[in-house]
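Single-letter residue listing:
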Amino acid sequence: MSSGDRREAAPAAGEVKNGVVSGDLSQRQIQSEPASGVVAPSQNQRLRLNPSKDHKPESYDDMQLDFSPSIFSSLERYLPPPMLGLNREEKVKFMREILMKYLPQGERTRVQRHRDYRQKIITNYQPLHRELYNLHIGNFFVPPFVKAIQDNTEESFRSIISEPSPGVFTFEMLQPRFCELLLAEVENFEKWVNEAKFRIMRPNTMNKYGAVLDDFGLETMLDKLMETYIRPLSKVFFAEVGGSTLDSHHGFVVEYGKDRDVDLGFHVDDSEVTLNVCLGKQFTGGELFFRGTRCEKHVNTGSQTEEIFDYSHVPGRAVLHRGRHRHGARATTSGHRVNLLLWCRSSVFREMKRYQKDFSSWCGECFREKKERQRLSIAATKSVKNSVLPMHTRTI
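What counts and what doesn't
Residues numbered from 1 in each chain as written. Predicted model: local features only at pLDDT ≥ 70, side-chain atom pairs only at ≥ 80, totals over all residues. Heavy atoms only, no water. Helix = DSSP H or I, 4+ residues; strand = E, 2+ residues; numbered from the N terminus. Buried < 20%, exposed > 50% of the residue type's maximum accessible area, 1.4 Å probe, protein only. Contact = heavy atoms within 4.5 Å. Areas by Shrake-Rupley, 256 points an atom, 1.4 Å probe, with all protein chains shown as cover. Axes fitted to C-alpha atoms, helices over the stretch in contact; angles between N-to-C directions. Parallel < 35°, antiparallel > 145°, perpendicular 65-115°, else oblique. Pairing = 2+ DSSP bridges. Phe/Tyr/Trp six-rings, centres within 6.5 Å; stacked < 30°, edge-to-face > 60°. Salt bridge = Lys/Arg side-chain N within 4 Å of Asp/Glu carboxyl O. Polar contact = N/O pair within 3.5 Å; in protein donor to acceptor, adjacent residues only side chain to side chain. Core = buried A, V, L, I, M, F, W, Y, C linked by side-chain atoms within 4.5 Å.

1. Examining the overall build of the protein
Looking only at helices and strands, the protein features 11 helices and 14 strands. For the protein, the proportion of its 396 residues judged to be buried stands at 51%. Nonlocal contacts in the protein, meaning residues at least 24 apart in sequence, comprise 80% of its contacts between residues at least 6 apart. Entry remark: accessible area of the protein is about 19,900 Å², with carbon and sulfur atoms responsible for 50%.

2. Side note on the packing of helix H2 (residues 69-76) against helix H3 (residues 88-100)
For the pair H2 and H3, the least separation of the axes is 10 Å and the interaxial angle reads 100°. On the basis of their axis angle, the class for H2 and H3 is roughly perpendicular. Mapping the contact onto sequence places Ile71, Phe72, Leu75 and Glu76 in H2 and Lys91, Val92, Met95, Arg96 and Leu99 in H3.

3. Concerning the pairing of strand E3 (residues 162-165)
Residues in a regular strand point their side chains to alternate faces of the sheet. Bridge count between E3 and strand E4 (residues 168-172): two bridges; the pairing is antiparallel. Directly across from Ser165, in E4, lies its bridge partner Val168. Hairpin connection between E3 and E4: a loop of two residues separates the two successive antiparallel strands, and Gly167 in this loop has a positive phi of roughly 85°.

4. Observations concerning the packing of aromatic side chains
For the structure shown, the criterion picks out 20 aromatic pairs. Ring centres 4.1 Å apart and planes at 15° place the aromatic pair Phe189 and Phe216 in the stacked group. Highlighted residues: Phe189 in helix H8 (residues 176-196) and Phe216 in the loop between strand E5 (211-212) and helix H9 (219-237), separated in sequence by 27 residues. Within the aromatic cluster, the residues linked to one another by ring pairs are Tyr117, Tyr125, Phe189, Trp192, Phe198 and Phe216.

5. Points about the environment of Phe252
Considering the arrangement of structural elements, one finds Phe252 in strand E6 (residues 248-257). Those residues in contact with Phe252 that lie beyond four places of it in its chain are Pro203, Asn204, Ala211, Val212, Leu213, Asn339, Leu340, Leu341 and Trp343.

6. Quick look at the pattern of salt bridges
Counting across every chain of the model gives 26 salt bridges. For the salt bridge of Glu365 with Arg294, the shortest nitrogen-to-oxygen distance reads 4.0 Å. A residue pair is termed long-range when its members are at least 10 positions apart, and Glu365 in helix H11 (residues 364-388) and Arg294 in the loop between strand E10 (288-293) and strand E11 (308-311) qualify at 71 residues. Each member of the pair, Glu365 as well as Arg294, carries the same accessibility label: buried. Here the salt bridges share partners, and the residues they tie into one network are Arg294, Glu306, Glu307, Glu365 and Arg368.

7. Remarks on H2
The buried count for H2 comes to six of eight residues, which makes it a mostly enclosed element. For H2, the full list of buried residues reads Ser70, Ile71, Phe72, Ser74, Leu75 and Glu76. Looking at the packing, one finds that the buried side of H2 touches H3, H9, E6 and helix H10 (347-352).

8. As for the pairing of strand E12 (residues 317-322)
The element E12 is largely enclosed, with a buried count of six among its six residues. As judged from the four bridges shared by E4 and E12, these two strands associate in the antiparallel manner. By the bridge assignment, Phe169 is partnered in E12 with Leu320. Two strands pair when backbone bridges link them, and strand E8 (residues 273-280) and E12 are joined in this way by five bridges, in the antiparallel orientation. Counterpart to Asn276 in the pairing with E12 is Val319.

9. A short note on the side chain of Thr274
One can find Thr274 in strand E8. A polar contact of 2.8 Å, which involves the side chain of Thr274, links it to the side chain of Asp269. Within the structure, the side chain of Thr274 is placed 2.7 Å from the side chain of Ser271, a separation counted as a polar contact. Setting aside anything within four residues of it in sequence, one finds Thr274 in contact with Asp269, Val319, Leu320, His321, Gly323, Leu341, Leu342 and Trp343.

10. Topic: the nonpolar core
The tendency in soluble globular proteins is for nonpolar side chains to be buried side by side. With 62 residues, the main nonpolar core has Phe141, Met173 and Leu275 as its most contacted residues. Per-element accounting of this core gives the leading share, nine residues, to H8. When near neighbours in sequence (up to four residues on either side) are disregarded, Phe141 contacts Leu135, Val146, Met173, Leu174, Gln175, Leu225 and Tyr229. Grouped together as the second largest cluster of nonpolar side chains are 19 residues, Leu84, Met95, Ile98 and Val348 included.

11. Concerning unusual backbone geometry
Note on backbone geometry: most residues besides glycine have negative phi, and most peptide bonds are trans. A cis amide bond links Gly280 with the next residue in sequence, Lys281, at an omega value of 0°. Within the element layout of this structure, Lys281 appears in the loop between E8 and strand E9 (283-285). Of note, Asn152 is a non-glycine position whose phi angle comes to about 55°, a positive value. Structurally, the position occupied by Asn152 is in the loop between helix H6 (143-151) and helix H7 (154-158). What makes Asn152 partly exposed here is its relative accessible area of 48%. Within the chain, Lys197 stands out as a residue other than glycine whose phi angle is a positive 50°. On the secondary structure map, Lys197 appears in the loop between H8 and E5.

Right, dumping it as structure tokens:
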């Protein structure tokens, strides 16, 4: 499709791209049966719609759990009030039953295999730049970004952020030196993979090149990046899709250019919020194109003029958007482009979404349908009013 075509076809409904989602994947996940032996919470034991603001969640870091401890801490504030005073084991049991609905037996087996796969890599791979594996604020981020996060106000965030299109936020984030070190680390990892003849999992089936950073030791650093830097921003700009309760991530790099991937098809991400930062190197092309945010029901609808936006990557500069914001990448026509992606997820939002029917706060098509219903209702009211008034008092 030529770059001049501003009306790319929407993703095919229900199409699964191994982590990159198009169509109704989320809906299908929600409808899957609970794992054998797991009893779903009863009707009066649902999570609260709004968190208990005065409740301080417990830490679960010292417990052996199937999911990240931070997920349990996030979920705890949404527990029914009678459960808040229970011991950790009882609360974990309840929360685990909810989480396991998203992880049936076959998926649990896959997760265990992936855990073993990851451990094998970490045991054998020797990092090139160990300073990357712990978050160093002064070495990673540009000073204005650090100050905005430390001030932690919407005003401070907006002082460094641009919103060139609704729901697409851009800002300077990473220092050049950090980009260079991470690029070198990825190259070193790929060199080890080739020499060891180790078959690695790519970020998704849409990308044949790139690496999952979590798999070779960077998970803890990226988790802190999400919790300390991305979640505060998402709380302000993406609160309606769980921005304040982000509790897990999928971190990876993708590579485009000669002998690499060329472009990326139109899709939505398996995330609530996506961070996309260009690391380099020298390249032309590769623009991101956005075409509006959609819920599962409306993922295949057309785009409005105001939703059409193209973005050109700049090394060190970040793009932050909703995972359901439809997008793709145009061809990288020369050079080599590498991007860092962080898919940030909220288990709370995914659970709450099961009980919601109105997504007009973030789905462009739901919003338009709601406005049209309101317009028709007002028109009908005026029509009834006019029909009962004397001729000389009717509105024109």
